[in-house]
Amino acid sequence: LVVSQILPAVAELCSDGSQHVRASLASDIMGLAPLVGKGATIETLLPLFLQLLKDEFPEVRLNLIGALPAVNALLGVELLATALLPAIEELAEDRQWRVRLAVVDCMPPLAAQLGVAFFEEKLCAMCVRWLQDCVYTIRESAIANVRKLTELFGLEWAAAHL
């Protein structure tokens, strides 16, 4: 029922003319993942998720960013690296500072899930760049991330990589 009737309606809502509809959908779209299973999530929900991550309205993108740790937990590191990492990198440079801030704020939980090796290779440089962002709030949150990452990966890691 969910796959045959609800997912087509969800796909239609992703292209709805109202940004408010898309923003509301963005808040809850990944809640369908446990109902449809990993296969349908990868085949159907992930492309919709990526489509919404590229929405022109920041509220839509903001509502999705908070779901990134949950998406990673569901899909795993391999799929994150291939499908979501390019979108995360793009959002990390978003013109809207609130979108960048949301990405900054979701980084410690992602780092904990991904592990030190993946984080060093794919995400560490991005975290360091945020320390030089033109918006004070981003820099402030990036500093808080440094503290959280140091607690997570250890002082020696922080001294060597940050």
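Before going into details, it helps to say that this report is about the structure given with it. Throughout, a residue's number is its position along its own chain's written sequence, starting from 1. Two thresholds apply to this predicted model, a pLDDT of at least 70 for residue-level local features and 80 or more for giving and counting side-chain atom pairs, whereas whole-chain, interface and lining totals are computed over all residues. The side-chain figures draw on all heavy atoms in the structure; neither hydrogens nor water molecules are used.

A short note on the overall build of the protein
Part 1 of the argument: Every helix listed is a DSSP run of H or I at least four residues long, and every strand listed is a run of E at least two residues long, numbered separately from the N terminus. What the protein contains, in helices and strands, is eleven helices and zero strands.
Part 2 of the argument: Element order for the protein, N to C, with α for helix and β for strand: α-α-α-α-α-α-α-α-α-α-α.
Part 3 of the argument: As a reference, a globule follows 2.2 Å times the number of residues to the power 0.38, and the radius of gyration itself is taken over C-alpha atoms. Against the globule reference of 15 Å for 162 residues, the protein gives a C-alpha radius of gyration of 16 Å, in line with a compact fold.
Part 4 of the argument: Expressed along its principal axes, the backbone C-alpha trace of the protein runs to roughly 50 × 30 × 20 Å.
Part 5 of the argument: The contact criterion used is simple: two residues touch if any of their non-hydrogen atoms lie within 4.5 Å. Restricting the contact set of the protein to residue pairs at least 6 apart, pairs at least 24 apart contribute 65%.
Part 6 of the argument: Surface exposure of the protein reaches about 8,200 Å², of which carbon and sulfur atoms provide 56%. Computed with a 1.4 Å probe, the accessible areas rest on the Shrake-Rupley method; for each residue, only the protein chains presented here act as cover.

Topic: the packing of helix α3 (residues 33–53) against helix α4 (residues 58–65)
Part 1 of the argument: The contact between α3 and α4 brings their axes to 8 Å, and the two run at 135 degrees. Overall, the two elements α3 and α4 adopt an arrangement that is oblique. Contacts from F49, L52 and L53 of α3 reach α4 at V60, R61 and L64.
Part 2 of the argument: When the residues that make up the contact of α3 with α4 are grouped by side-chain class, the tally is five nonpolar, no polar and one charged. To get an axis, fit a line to the C-alpha atoms, keeping to the stretch in contact for a helix; angles then go from 0 to 180 degrees between the N-to-C directions. An angle below 35 degrees is treated as roughly parallel, one above 145 as roughly antiparallel, one from 65 to 115 as roughly perpendicular, and anything else as oblique. Amino acids outside the nonpolar list (Ala, Val, Leu, Ile, Met, Phe, Trp, Tyr, Cys, Pro) and the charged list (Asp, Glu, Lys, Arg) are all regarded as polar, and Gly is one of them.

A short note on the packing of aromatic side chains
Part 1 of the argument: Pairs were defined over the aromatic rings of Phe, Tyr and Trp, the Trp ring being its six-membered one, requiring ring centres within 6.5 Å. Orientation was assigned from the angle between planes: stacked under 30 degrees, edge-to-face over 60, tilted for the rest. Taken as a whole and assessed by the stated rule, the structure comprises three aromatic pairs.
Part 2 of the argument: Relative to F153, the ring of F119 has its centre 5.6 Å away and its plane inclined at 45 degrees; by these criteria the two rings are tilted. One end of the pair, F119, is in helix α8 (residues 116–122); the other, F153, is in helix α10 (residues 136–153), with 34 residues separating them in the sequence. F153 carries the same exposure label as F119, and that label is buried.
Part 3 of the argument: Chaining the aromatic ring pairs together yields one cluster made of F119, F153 and W157. Relative accessible area decides the class of each residue, using a 1.4 Å probe on protein chains only: under 20% of the type maximum gives buried, over 50% gives exposed, and in between gives partly exposed.

Here we look at helix α2 (residues 19–28)
Part 1 of the argument: Those residues of α2 lying buried are R22, A23, L25 and A26. End-on view of α2: buried residues confined to an arc of 165 degrees, all on one side of the axis. In α2, the exposed residues that point more than 90 degrees away from the buried face are H20 and D28. Note: the arc covers the axis-to-C-beta directions of the helix.

Considerations on the environment of H161
Part 1 of the argument: On the secondary structure map, H161 appears in helix α11 (residues 155–161).
Part 2 of the argument: In protein, a polar contact requires one atom able to donate a hydrogen and another able to accept it; more generally it is a pair of N or O atoms within 3.5 Å, and residues adjacent in sequence count only if both atoms are side-chain atoms. At 3.3 Å, the side chain of H161 forms a polar contact with the side chain of E120.

Details of the packing of helix α7 (residues 97–114) against α10
Part 1 of the argument: For the pair α7 and α10, interaxial distance at closest approach is 10 Å and the crossing angle is 0 degrees. Relative to α10, the element α7 is oriented roughly parallel. In this structure, α7 uses W97, R100, L101, V104, D105, M107, P108, A111 and A112 to contact α10, whose residues at the interface are T137, I138, S141, A142, N145, K148, L149, L152 and F153.

A word on the state of the cysteines
Part 1 of the argument: Criterion for a disulfide: a pair of cysteine sulfur atoms within 2.5 Å. On inspection of all chains with the given rule, the structure shows zero disulfides.
Part 2 of the argument: For C106, which is in no disulfide, the shortest distance to another cysteine sulfur is to C127 and amounts to 9.3 Å.
Part 3 of the argument: You can call C106 buried: its relative accessible area is 6%.
Part 4 of the argument: A disulfide-free cysteine, C124 has its sulfur positioned 6.4 Å from the sulfur of C127, the nearest such atom.
Part 5 of the argument: For C124, a relative accessible area of 5% corresponds to the buried category.

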